[in-house]
Amino acid sequence: AFRGCTRPASALPRRCSGRHATSSVPPPFGIVLVLCTARINCSMDLMPFALVATAALVGSIPFGLILAKHFLNVDLQTMGSGNIGATNAARAGGKAFGAGVLVLDALKGFLGPWLASFYGLEPPWVAAAGLAAVLGHCYTPFLRFRGGKGVATSLGVILAYDPALGGIGVVAYALVLAATRVSAL
C-alpha cells in the first residue's frame, strides 16, 4: 500500500503519507506532502524540515501588496510608508482593507506553528516554523528580500503558541493605539 515509502506500512504513523498512501491527510498539510512523493522517501524525519520550509514559503506571500494591486490598483510600496503591511494598507484602502491584510498576515504566521503542533513536532520545530514564517514575511524573495516588519505575522505566531498571550498583546496594542492614535510606534 505504501509503495512510495521505505518503511513497512505497519511502522508508518498515520500522518505520514505519500502519493500512494491509503490514509487520509488533512487538507492544510497537502503543500508539505508535495515534498513526500515517489522519488523522496516518505519519512517522518523529513516532516519538520518540510514544514519549516513551507512556513517560510507561506510567510513570504505579500498579501498586502497582492490585494492592493488587485482591489485598489495601487502599489503599496509607492504609497504612504512604502511598507506592505496592514497599517500602510489601511492608509491606502481604509480600515476594513487594512484589517483584511492584518488577518491574512496573521494567518500566515499562525499556520506553520499550528501545523507543527498539530502533527506533534517537538517545541523547537514549532518555534522554527514560526520564525520561518516571520522571516519569510520580512525578507520575501518575491520582493527582492524587502518585505514587511512582521508585526501581524508575529501576532499569528504568538496566537498559535499561546492564544491568551496573543490576546494580551492585542489588548496592549489597542490601548496604545487609543492613547496615541499612532499604529506604528
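Note that this is a predicted model, so its numbers are computed, not measured.

Trainee: Outline the overall build of the protein chain, listing residues and values.
Mentor: What the protein chain contains, in helices and strands, is 8 helices and 0 strands. Order of helices (α) and strands (β) in the protein chain, N terminus to C terminus: α-α-α-α-α-α-α-α. For the protein chain, with 185 residues in total, the buried portion stands at 37%. Taking all contacts inside the protein chain whose residues are at least 6 apart in sequence as the whole, residues at least 24 apart take part in 50%. Counting only carbon and sulfur atoms, one obtains 67% of the accessible surface of the protein chain, whose full area is about 10,400 Å².

Trainee: Just give me the short version of the packing of helix H3 (residues 63-72) against helix H5 (residues 95-118), but keep the residues and values in it.
Mentor: Packing of H3 against H5 brings their axes to within 9 Å, and their N-to-C directions diverge by 145 degrees. In the packing of H3 onto H5, the handedness of the crossing is right-handed. Of H5, the residues touching H3 (which contributes Phe-63, Gly-64, Leu-67, Ala-68, Phe-71 and Leu-72) are Phe-97, Val-101, Leu-104, Asp-105 and Lys-108.

Trainee: Explain the packing of aromatic side chains to me, and be specific about the residues and the numbers.
Mentor: Per the stated rule, a full pass over the model turns up 3 aromatic pairs. Summarising the aromatic geometry, the rings of Phe-49 and Trp-125 are spaced 4.9 Å apart at their centres and angled 75 degrees between planes, so their arrangement reads as edge-to-face. One end of the pair, Phe-49, is in helix H2 (residues 47-59); the other, Trp-125, is in helix H6 (residues 123-138), and 76 residues separate them in sequence. Between the aromatic rings of Trp-114 and Phe-118, the centroid separation amounts to 5.2 Å while the plane-to-plane angle is 20 degrees, which identifies the pairing as stacked. Pair noted here: Trp-114 and Phe-118 are both in helix H5, with a separation of 4 residues, about one helical turn. Residue Trp-114 is classed as partly exposed on the basis of its relative accessible area, which comes to 34%. Ring pairing ties together the aromatic residues Trp-114, Phe-118 and Tyr-119, which thus form one cluster.

Trainee: Can you tell me about the packing of H2 against H6, naming the residues and giving the values?
Mentor: Viewed as axis vectors pointing N to C, H2 and H6 meet at an angle of 25 degrees, and their least axial separation amounts to 6 Å. With respect to each other, H2 and H6 are oriented roughly parallel. The handedness of the crossing between H2 and H6 is right-handed. Together, Pro-48, Phe-49, Val-52, Ala-55, Ala-56 and Gly-59 of H2 and Trp-125, Ala-128, Ala-129, Ala-132, Ala-133, Gly-136 and His-137 of H6 make up the contact between the two elements. Of the residues assigned to the contact of H2 with H6, the class counts are 10 nonpolar, 3 polar and no charged.

Trainee: For the confidence of the model for the protein chain, give the residues involved together with the corresponding values.
Mentor: Overall, the predicted model of the protein chain reaches an average pLDDT of 80, with 75% of residues at or above 70. Here helix H1 (residues 30-33) stands out as the least confident element of the protein chain, with mean pLDDT 46; H6 is the most confident, with 95. The low-confidence segment residues 1-42 (pLDDT under 50) makes 59 contacts with residues lying over four places distant or belonging to another chain.

Trainee: Outline the nonpolar core, listing residues and values.
Mentor: Met-47, Leu-51, Val-52, Ala-55, Leu-115, Ala-116, Tyr-119, Leu-121, Val-126, Ala-129 and Ala-132 together form the largest nonpolar core, which totals 11 residues. Among the elements of the structure, H2, H5 and H6 are those that each provide at least two residues to this core. Among the elements that make up this core, the one with the highest residue count is H2 (4 residues). Other than its neighbours up to four places away in sequence, Ala-132 contacts Val-52, Ala-55 and Ala-56. Core analysis: the second largest hydrophobic core is formed by 10 residues, Leu-67, Ala-68, Val-101 and Leu-143 among them.

Scoring rules and cut-offs
Residues numbered from 1 in each chain as written. Predicted model: local features only at pLDDT ≥ 70, side-chain atom pairs only at ≥ 80, totals over all residues. Heavy atoms only, no water. Helix = DSSP H or I, 4+ residues; strand = E, 2+ residues; numbered from the N terminus. Buried < 20%, exposed > 50% of the residue type's maximum accessible area, 1.4 Å probe, protein only. Contact = heavy atoms within 4.5 Å. Areas by Shrake-Rupley, 256 points an atom, 1.4 Å probe, with all protein chains shown as cover. Axes fitted to C-alpha atoms, helices over the stretch in contact; angles between N-to-C directions. Left-handed = near helix turned anticlockwise from the far one by under 90°. Phe/Tyr/Trp six-rings, centres within 6.5 Å; stacked < 30°, edge-to-face > 60°. Parallel < 35°, antiparallel > 145°, perpendicular 65-115°, else oblique. Nonpolar A, V, L, I, M, F, W, Y, C, P; charged D, E, K, R; others polar. pLDDT = per-residue confidence, 0-100. Core = buried A, V, L, I, M, F, W, Y, C linked by side-chain atoms within 4.5 Å.

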